Amino acid sequence: MDFSQVLAEKTDTIIDKWVAAVRKDRRIESADDLSYTAVKDHIPDVLKAMVTVLAKFQDNDIQSIVTASFQHGAIRAEQGFDPAEIAREYHLLRTVIFDALQPDLLEGTPVEIIRSMRLIDAIIDEAIARCFKSYVEERLRELQQLQLSLTLHNDELTRLISANQEYLSQLAHELKHPLTSIIGYSDLFLRQQRRKPEIKDTSANLEHIERVLRNGRQLLHLINDVLELSRYDAGQIKLHLAPTDVRELINNVCEMLEPLAAGKNLKVVVDCERAPKEIITDPFQCQQIITNLISNAIRYTESGTIIIMCQVLENQRWAIAVSDTGIGIAPENQAQIFEPYFRVSFSDRPYLADSTGLGLAIVSRLVKLLEGEIKLVSEVGVGSTFTVILPLQIES
């Protein structure tokens, strides 16, 4: 029996069932926000190659899967998958294929069944190997770009530290932990590669790369915040005014931050019914304000709801309010909340490790730059509401 023809006829069904299985599997969370096409990716090409290999007289021709699986690994790295999720989706692919072919396999001879099962296993194993190889290469490429970016920031950061000795101790403390992790895990990874150059795709090595990138991103985020703050204080931020769709801007920010809220099971409610249709402002700086406010609300809220409301006010003004059900801010801290490096903490809960204390300081400065004002209403244990009021049109 020619099982390659059977597989070809059932390819669409297999893909549909596999995508459904990936979406349903709670161990593959990175696929939750991807479209059907994004989840499917290059798997049809892998199945097409499998059809070719299963065809008689082509037992050894498995090179046709190389391109498809290699591209799949690179894309999964860009999509934020971790190694365990990729391994899991290939496990599901193997299961779905055998489930689909089982009735037909049982009609073949024992020799045909064994041959087909061995070939399918070999093809998937090869696909996994190629996929992980490209995944590692993509992560290493990202690591190199991160290293270059950190290097480019170094001179500017050094200048800023020299000019702001008051914050030197604070900044050094914040940089120490992620920088130590980057150096430590990079050194461990490189030593392992030198000691066993033939072993490059192990889970341990992938985890080392992930930790380096995670800590590197955190460090880069801190550096960017420091640079943003310094550019404002030095008067180097120039506005680029343009007609801006506020609703679209808010929706884009919420879509970007949705995985962060979903990870904490927070409900995000957006009310833009009374929002202005169009404003004249700097869309990038406005987006920075909204992103910082919403991400801050998510960061300091463990359960409950984040509410974003936008409406037109009198006197050619409009407002956006971000409310949360988080830890709240004590009255004695509310006057300091917009100062650089200030972070709210409690006796039973220190400030968050990934908080730089710069987000709200940047927000307050950008609000002033956009000719607006920011207000805070907060109660400890109940939550906070930050309201930003801005003009509908900023004059050139």
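That block above? That's the structure.
What comes next is a walk through the structure. Since this is a predicted model, take the numbers as computed values, not measurements.

**A word on the packing of aromatic side chains**
Phase 1 of the analysis: The tally for this structure, following the rule as stated, stands at 1 aromatic pair.
Phase 2 of the analysis: Seen in terms of ring centroids, Phe 338 and Phe 386 are 6.2 Å apart; in terms of plane orientation they differ by 85°. Their pairing is edge-to-face. Remark: Phe 386 occurs in strand β7 (residues 383–391) and Phe 338 occurs in the loop between α12 (331–334) and α13 (359–369); sequence separation between them is 48 residues.
Phase 3 of the analysis: Residue classification places Phe 386 among the buried residues on the basis of a relative accessible area of 7%.
Phase 4 of the analysis: Its end group placed over the ring of Phe 81, Arg 76 keeps NZ or CZ at 4.5 Å from the ring centre.

**Points about the packing of helix α2 (residues 11–24) against helix α6 (residues 83–105)**
Between two packed helices, the angle of one axis relative to the other and the distance separating the axes together describe the packing.
Phase 1 of the analysis: It is the contact of α2 with α6, at a shortest axis distance of 9 Å, that shows an interaxial angle of 140°. Relative to α6, the element α2 lies oblique. α2 and α6 meet at a crossing whose hand is right-handed. On the side of α2, the interface is formed by Ile 14, Lys 17, Trp 18, Ala 21 and Val 22, while α6 contributes Glu 89, Leu 92, Leu 93, Val 96, Ile 97 and Ala 100.
Phase 2 of the analysis: Of the residues belonging to the contact of α2 with α6, the class tally is 9 nonpolar, no polar and 2 charged.

**Focus on the pairing of strand β6 (residues 373–379)**
Phase 1 of the analysis: Here β6 shows a buried face lined by Ile 374, Leu 376 and Ser 378 and an unburied face lined by Glu 373, Lys 375, Val 377 and Glu 379.
Phase 2 of the analysis: Inspection of the sheet shows β6 paired to β7 by 7 bridges, in the antiparallel sense. Within β7, the position partnered with Glu 379 by the bridge is Gly 383.

**Description of the nonpolar core**
Phase 1 of the analysis: Membership of the largest hydrophobic core comes to 42 residues, with the highest contact counts inside it found for Ile 250, Leu 293, Ile 294 and Trp 318.
Phase 2 of the analysis: Among the secondary structure elements, those contributing two or more residues to this core are α10 (246–262), α11 (283–299), β4 (305–313), β5 (317–323), α13, β6 and β7.
Phase 3 of the analysis: For Leu 293, the residues in contact, after removing those within four places along its chain, are Val 322, Leu 360, Val 363, Ile 374, Phe 386 and Val 388.
Phase 4 of the analysis: Ile 14, Val 39, Leu 93 and Tyr 135 belong to the second-largest nonpolar core, a separate cluster that totals 41 residues.

The rules behind the values
Residues numbered from 1 in each chain as written. Predicted model: local features only at pLDDT ≥ 70, side-chain atom pairs only at ≥ 80, totals over all residues. Heavy atoms only, no water. Phe/Tyr/Trp six-rings, centres within 6.5 Å; stacked < 30°, edge-to-face > 60°. Helix = DSSP H or I, 4+ residues; strand = E, 2+ residues; numbered from the N terminus. Buried < 20%, exposed > 50% of the residue type's maximum accessible area, 1.4 Å probe, protein only. Lys NZ or Arg CZ within 6 Å of the ring centre and 35° of its normal. Axes fitted to C-alpha atoms, helices over the stretch in contact; angles between N-to-C directions. Parallel < 35°, antiparallel > 145°, perpendicular 65-115°, else oblique. Left-handed = near helix turned anticlockwise from the far one by under 90°. Contact = heavy atoms within 4.5 Å. Nonpolar A, V, L, I, M, F, W, Y, C, P; charged D, E, K, R; others polar. Pairing = 2+ DSSP bridges. Core = buried A, V, L, I, M, F, W, Y, C linked by side-chain atoms within 4.5 Å.

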